[in-house]
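Below are the chains, spelled out letter by letter.
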Amino acid sequence: MTLAETLSFIKKDNYFLMSLIIGFIIGIIPAIGVLGPLTGGFLYAYFSIYFGDIPRDQMEAIKRGGVMGLIVAIIGVIISALTWSTMAPMMPVAYSSLVWLNIVVVGLIVGAILGAVGGFISLYIE
């Protein structure tokens with residue numbers, strides 16, 4: 001039984017959206033938030049190869065995974081910024097704009113790298 005047969009709810013017309021949703025849901029779990037971009041990148045690259053949208057090539061899988069990891073990281077950074085900005089009046093120290101910029105840039109870089117790793121891992125499944 002392959003992974004695609006196990007995840008039978010992911011079809012050719014919805015694998016982008018389902019990879020994004022699954023990566024986002026895993027990413028909002030507090031203790032394992034870094035697995036969100038990794039999982040999203042893995043699923044997007046895996047199903048891209050499975051449905052024949054890209055060839056079974058390392059660089060194509062890494063690019064697909066990196067893009068999905070970046071998208072999941074952007075959503076995660078936006079959600080984090082919104083929740084932290086609502087809590088800022090209650091916190092003793094407010095962050096400056098340079099600290100927020102640093103958080104966003106580091107979040108996007110880490111998300112893209114983790115997504116690329118997930119895309120690379122997808123080549124070695126099955």
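Residues numbered from 1 in each chain as written. Predicted model: local features only at pLDDT ≥ 70, side-chain atom pairs only at ≥ 80, totals over all residues. Heavy atoms only, no water.

Describing the packing of helix α3 (residues 35-50) against helix α5 (residues 97-122)
This is how it is decided: In this analysis, axes come from line fits to C-alpha atoms, helices being fitted only over the stretch in contact, and the angle between any two N-to-C directions falls in the range 0 to 180 degrees. Each helix is a run of DSSP H or I of at least 4 residues and each strand a run of E of at least 2, with the numbering of both proceeding from the N terminus. Oblique is the label for any angle not covered by the other classes, which are roughly parallel (under 35 degrees), roughly antiparallel (over 145) and roughly perpendicular (65 to 115). Should the near helix be turned anticlockwise from the far one by less than a right angle, the crossing is left-handed, and should it be turned clockwise, the crossing is right-handed. The criterion used for residue contact is that any of the two residues' heavy atoms lie within 4.5 Å. By the convention adopted, Pro, Cys, Tyr, Trp, Phe, Met, Ile, Leu, Val and Ala count as nonpolar, Lys, Arg, Asp and Glu as charged, and the other residues, Gly among them, as polar.
At a closest axis distance of 7 Å, the pairing of α3 and α5 adopts a crossing angle of 40°. Accordingly, the angle class assigned to the pair α3 and α5 is oblique. Where α3 crosses over α5, the two elements pack in a sense that is right-handed. Within the contact between the two elements, α3 uses Pro37, Leu38, Gly41, Phe42, Ala45, Tyr46 and Ile49 and α5 uses Gly111, Leu114, Gly115, Val117, Gly118, Gly119, Ile121 and Ser122. Residues belonging to the contact of α3 with α5 are distributed by class as follows: 9 nonpolar, 6 polar and no charged.

Overview of the packing of helix α2 (residues 15-27) against α3
One way to put it is that α2 packs onto α3 with a least axis distance of 7 Å and a crossing angle of 160°. Here α2 is positioned roughly antiparallel relative to α3, judged by the angle of their axes. Classified by chirality, the crossing of α3 by α2 is right-handed. Of α3, the residues touching α2 (which contributes Tyr15, Phe16, Ser19, Ile22, Gly23, Ile26 and Gly27) are Leu35, Gly36, Thr39, Gly40, Leu43, Tyr44, Phe47 and Ser48. Its residues placed into classes, the contact of α2 with α3 shows 8 nonpolar, 7 polar and no charged.

Focus: the pattern of salt bridges
Any two side chains of opposite charge can pair, given that their charged atoms come close. Put simply, the rule is: Here a salt bridge means any side-chain nitrogen of Lys or Arg lying within 4 Å of a carboxyl oxygen belonging to Asp or Glu. Summary of the burial criterion: residues with accessible area below 20% of their type's maximum are buried, those above 50% are exposed, and those between are partly exposed, where the area comes from a 1.4 Å probe applied to protein chains only.
All chains considered together, the criterion is met by 2 salt bridges. Across the pair Asp53 and Lys12 runs a salt bridge whose closest N-O atoms are separated by 2.9 Å. In this pair, Asp53 sits in the loop between α3 and α4 (58-87) while Lys12 sits in the loop between α1 (3-6) and α2, placing the two residues 41 residues apart along the sequence. On the basis of relative accessibility, which here comes to 47%, the residue Lys12 falls in the partly exposed class.

A look at the layout of surface pockets
Condition: Two kinds of site are reported from a 1 Å grid over the protein atoms alone, namely cavities, where a 1.4 Å probe fits but cannot get out, and pockets, open sets with protein on both sides within 12 Å along at least five of seven lines, and residues are called lining when an atom falls within 4 Å of a point. Grid points are joined across faces, edges and corners, and a volume is the space filled by probe spheres set on the points.
By volume, the largest pocket is sized at about 460 Å³. Taken together, 21 residues line the largest pocket, and the ones lying closest to its centre are Gly27, Ala73, Gly76, Val77 and Ser80. Elements that contribute at least two residues to the lining of the largest pocket include exactly α2, α3, α4 and α5. Here the lining of the largest pocket gets 7 residues from one element, more than from any other, and that element is α4. When its residues are assigned to classes, the lining of the largest pocket shows 14 nonpolar, 7 polar and no charged.

Notes on the nonpolar core
Here is the rule we go by: The nonpolar core is taken to be a set of buried Ala, Val, Leu, Ile, Met, Phe, Trp, Tyr and Cys residues, with the residues joined through side-chain atoms within 4.5 Å.
Among the nonpolar cores identified, the biggest contains 13 residues, and Leu7, Ile10, Tyr15, Leu43, Phe47 and Met68 are the most heavily contacted of them. Those elements that provide at least two residues to this core are α2, α3 and α4. In terms of residues, this core owes the most to one element, α3, which gives 5 residues. Once residues lying within four places of it in the same chain are set aside, the contact partners of Tyr15 are Ile10, Tyr44, Phe47, Ser48, Phe51, Asp53 and Arg64. Judged by nonpolar contacts, the second largest core, of 5 residues, contains Ile49, Ile54, Ala61 and Leu123.

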